[in-house]
Amino acid sequence: MPRLVVSGPDLGRIRFAVLPFQETLKAARGLGLRQAPPGLAAWRHTARRILPPAAAPAVALCSAHPRHMPDFLTPEPPGVARSFADELGAALDDPAAPVSADTAAFGAVVRTPMKVVDDLVAHPDRGRRALATSFVALHRALLAEDWPRLHAQLAADVAHRARLSARHGVEAMLATLHPELVRWHYPFLEYAGPPEPDYPLNGRGLVLVPSMFLTDGVHRQLNDRQQPMLFYPARTAAAFWQDPRALGGRLADPIGARRAAVLRILATRPGCGTGDVAAALGVAPSTASAHVAHLRRAGLVTTQREARRSRHEPTPLGWQLLDTFIA
């Protein structure tokens, strides 16, 4: 298994990111691979029927190799959350990005002539604009409507890892990242893939990125110009694709749909106030307050009051309920 060499300073610089544009890349990959990644066959069957022709270049590029994409498509994420449009711009609008060089290196790995690759190498500016149009078409057709539900799964994964790190340490979190695909034996983080030379992180740390569409392995982004990144299957991905329509409502069975929605909001935004919950749900603050109060009485939510503001977050029992029902 390939190995990342992780030093003590690296452990202190491990962070997570939820990246909508990167999920679009992984979705495009899943659509175009010869065989559907585990769990995605039903989704792919439906998606291919509504895939617009404009999305074809994005699918062709992302599925040309099962493990690699041109590096410029995966820039280092900032420390703040970004929308799909922001991420797309960061990847395809940066005039300093070595588009031709990255694409040529990718083409050498693929070894199959492709128009989208040739266009990016020969005419990087025009090629990037065309590729951006293709990604937008794909995202609008297949992901935009479902993104809130997908984001909830990814945010829950990150929250789970953060709690594990806080309670048991970063190494315990790494050891349970994905036991089938990732192994932690200090100072090595091994991941499934063909043999490669050991890659020292050299104090740069690591960005860990969960994915709902990457169900068949681990991907890495390793180059000298950005913080290393490791993409891994989100812990709820397998269950989600078994029945994505039912999953969002499972937590509603024991506590009710509205209160389940409140608990999910507090899981993705711990410490938010009643007004934030009301805005997210589209209800009056008094209604949101009543739901929060009910969850608090049930021992699922705790509230801290600071001056005139109240901040809410799930209790350990609330987190356990969320984990049990993959909320």
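Residues numbered from 1 in each chain as written. Predicted model: local features only at pLDDT ≥ 70, side-chain atom pairs only at ≥ 80, totals over all residues. Heavy atoms only, no water.

J.: Mind laying out the overall build of the protein chain, listing which residues take part and the relevant values?
T.: Broken down by element type, the protein chain carries 17 helices and 10 strands. For the protein chain, the C-alpha atoms occupy an extent of roughly 60 × 45 × 35 Å along the three principal directions. Burial analysis of the protein chain (327 residues in total) assigns 48% to the buried set. Partitioning the contacts of the protein chain with sequence separation of at least 6, the portion at a separation of at least 24 is 70%. Looking at charge distribution, the protein chain has the averaged site of its 38 positive side-chain charges lying 6 Å from that of its 28 negative ones. (Helix = DSSP H or I, 4+ residues; strand = E, 2+ residues; numbered from the N terminus. Buried < 20%, exposed > 50% of the residue type's maximum accessible area, 1.4 Å probe, protein only. Contact = heavy atoms within 4.5 Å. Lys, Arg positive; Asp, Glu negative; His and termini not counted. Charge placed at Lys NZ, Arg CZ, Asp CG, Glu CD.)

J.: Can you tell me about the packing of helix α2 (residues 20-32) against helix α5 (residues 84-92), naming the residues and giving the values?
T.: Packed helix pairs are characterised by how far apart their axes lie and by the angle those axes make with each other. Contact pair α2 / α5: the axes reach a minimum separation of 7 Å and the direction vectors enclose 75°. Classified by the angle between their axes, α2 and α5 sit roughly perpendicular to one another. Residues Pro20, Phe21, Gln22 and Thr24 of α2 form the contact with α5, whose participating residues are Phe84, Glu87, Leu88 and Ala91. Residue composition of the contact of α2 with α5, by class: 5 nonpolar, 2 polar and 1 charged. (Axes fitted to C-alpha atoms, helices over the stretch in contact; angles between N-to-C directions. Parallel < 35°, antiparallel > 145°, perpendicular 65-115°, else oblique. Nonpolar A, V, L, I, M, F, W, Y, C, P; charged D, E, K, R; others polar.)

J.: Account for helix α3 (residues 41-50), with residues named and values stated.
T.: All of the buried residues in α3 are Trp43, Arg44 and Ala47. Relative to the axis of α3, the buried residues are bounded by an arc of 95° and lie together on one face. Among the exposed residues of α3, those pointing more than 90 degrees away from its buried face are Ala42, His45 and Arg49. (Arc of directions from axis to C-beta.)

J.: Account for the packing of helix α6 (residues 99-110) against helix α7 (residues 115-122), naming residues and giving values.
T.: The geometry of α6 relative to α7 is characterised by a closest axis approach of 8 Å and an angle of 145° between their N-to-C directions. The interaxial crossing formed by α6 with α7 has left-handed handedness. Packed against α6, whose contacting residues are Val99, Ser100, Thr103, Ala104, Phe106 and Gly107, the element α7 presents Val117, Leu120 and Val121 at the interface. Here the contact of α6 with α7 is composed, by residue class, of 6 nonpolar, 3 polar and no charged. (Left-handed = near helix turned anticlockwise from the far one by under 90°.)

J.: Can you break down the sheet that holds strand β8 (residues 229-233) residue by residue, with the values?
T.: One open sheet accounts for 4 strands, arranged β2-β6-β8-β7; its pairing is mixed. Every interior strand has two partners, whereas the edge strands, β2 (14-16) and β7 (219-221), have only one. Taken pair by pair, the neighbouring strands of this sheet meet at an average axis angle of 25°, ignoring direction. Bridge count between strand β6 (residues 206-211) and β8: 5 bridges; the pairing is parallel. Each residue of the ladder has a partner; that of leucine 208, found in β8, is leucine 230. Sheet contacts for α2: β6, β7 and β8; angle to β6, the most-contacted strand, approximately 55°. Packing of helix α9 (residues 147-168) onto the sheet brings it into contact with β2, β6 and β8, and relative to β6 it is tilted by some 135°. (Pairing = 2+ DSSP bridges.)

J.: A description of α7 should follow, citing residues and the corresponding values.
T.: Taken residue by residue, α7 has Val116, Val117 and Leu120 as its buried positions. End-on view of α7: buried residues confined to an arc of 100°, all on one side of the axis. On its buried side, α7 packs onto α4 (56-62), α6 and α8 (124-143).

J.: Let's hear about unusual backbone geometry: which residues, and what values?
T.: The amide bond that connects tyrosine 186 to the next residue, proline 187, takes the cis arrangement and shows omega of 5°. Among the secondary structure elements, proline 187 is positioned in the loop between β3 (182-185) and β4 (188-191). If you check the backbone angles, arginine 111 has positive phi at about 60° while not being a glycine. Positionally, arginine 111 belongs in the loop between α6 and α7. On the accessibility criterion, arginine 111 (74% relative accessible area) is exposed. The backbone of asparagine 202 sits at a positive phi, close to 55°, despite the residue not being glycine.

J.: Which residues make up the pattern of salt bridges, and what values do they have?
T.: Scanning all chains against the criterion turns up 11 salt bridges. The residue arginine 225 makes a salt bridge to aspartate 102 at a minimum N-O spacing of 2.4 Å. Here the residue arginine 225 occupies a position in the loop between β7 and β8, and aspartate 102 occupies one in helix α6, the gap between them amounting to 123 residues. Here arginine 225 falls in the partly exposed class, since its relative accessible area comes to 43%. With its nearest N and O atoms 3.0 Å apart, the salt bridge here joins aspartate 125 to arginine 128. Taken together, the residues aspartate 125 and arginine 128, both in helix α8 and 3 residues apart, mark about one turn of the helix. (Salt bridge = Lys/Arg side-chain N within 4 Å of Asp/Glu carboxyl O.)

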